[in-house]
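Okay, here's what each chain looks like letter by letter:
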Amino acid sequence: MIEQITDPKDLRIADYQEVRERDLVGRRGRFIAEGEVVLRALLGSSLARPVSLLVTDRQRVRLEPLISELPGETPVFAASQTVMDAIVGFPIHRGILAVGERLAPPDPSTLLAGVSGDGLILALSGISNHDNMGGLFRNAAAFGVSAVLLDASCCDPLYRKALRVSVGAVLRVPFARLEPGGDLGTCLEASGVRRLALSPSGDHALGDVRVGGRMAALFGAEGPGLSPELMARCETVRIPMAEGFDSLNVATTSGIVLHHLSTARRSQEPLS
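These figures come from a predicted structure and were not determined experimentally. (Residues numbered from 1 in each chain as written. Predicted model: local features only at pLDDT ≥ 70, side-chain atom pairs only at ≥ 80, totals over all residues. Heavy atoms only, no water.)

## Re helix 6 (residues 130-142)
1) Next: For helix 6, spanning 13 residues, the distance from its first C-alpha to its last is 18 Å, which sits close to the expected 18 Å at 1.5 Å a residue.
2) Next: For helix 6, the capping residue at the N-terminal end is N129, with a side-chain oxygen 2.9 Å from the backbone nitrogen of D131.
3) Next: Following helix 6 by one or two positions, G144 adopts a phi angle in the positive range, close to 75°. (Helix = DSSP H or I, 4+ residues; strand = E, 2+ residues; numbered from the N terminus. Expected span 1.5 Å × (residues − 1). Polar contact = N/O pair within 3.5 Å; in protein donor to acceptor, adjacent residues only side chain to side chain.)

In structure tokens:
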């Protein structure tokens, strides 16, 4: 049954009110999914479940086949465009929002233990920009990354904007976060994972890296990058660039690196 909302202050849709100021990241493990692409990712995810759905009247009609896929107990709310804009606190042109809930996240060691023999891991340190976080997860999904490991200083991938930029990839690629004080290098080393730290001053060119076994590609925030202490415990890798320039956006860098590593792995697979 679809419940019609006419009052922006209706308590039934409290989770959607003033979304910008009250993003649900960090609250009971819930988050806001925005747009049809992310909604479809949520419905197909084994990492999260839908809690409720809020759509405009126009989108409700168009999305009836998708709405029918929701678990039967999931509340679905509909409102006019004017009322929905008033609920969220800004013009919500897509007209589609859902509240999702992450299912029991794994701890880092359990996550890494689940990565098989030649699995590829994305390890992130200090990524605080939500656009970059979304782009990193999008690349991870595109190039077959098995898991993403975050340090405690990274922003939450389930923040609404990061989730939207990732086109739902955050709901497809398993991830775990270290506790404050936890060290990426220590965690990866303890799990027997080979570590490749990306830096403009890396000792090895990306094209010279030989692949094999479980590998983690480590990326730091733009500007400071990875700490010297962390890089000292890794193989350091650079992407050769034109003379006088050595800077790339971290999401762009990850796309280049992950494409190279995944392609190199496939080239080593025996023909059937």
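Structure shown, so let's carry the discussion forward.
## Quick look at the pairing of strand 4 (residues 76-79)
1) Next: Covered by surrounding structure in strand 4 are V76 and A78 together with F77 and A79, the residues of both alternating faces.
2) Next: By the bridge criterion, four bridges tie strand 3 (residues 48-56) to strand 4 in an arrangement that is parallel. Looking at strand 4, one finds that L54 is bridged to F77. (Buried < 20%, exposed > 50% of the residue type's maximum accessible area, 1.4 Å probe, protein only. Pairing = 2+ DSSP bridges.)

## Examining the pairing of strand 7 (residues 147-150)
1) Next: Side chains A147 and L149 project from strand 7 onto one buried face, and the interleaved V148 and L150 project onto a second face that is buried too.
2) Next: Taken together, the four bridges between strand 6 (residues 120-125) and strand 7 define a ladder with parallel strand orientation. Counted as the bridge partner of I121 is A147 from strand 7.
3) Next: One crossover worth recording links strand 6 to the parallel strand 7 by way of helix 6, and it is right-handed.
4) Next: Here three bridges tie strand 7 to strand 8 (residues 175-177), and the two strands are oriented parallel to one another. (Right-handed = clockwise from strand over helix to strand, strands pointing away.)

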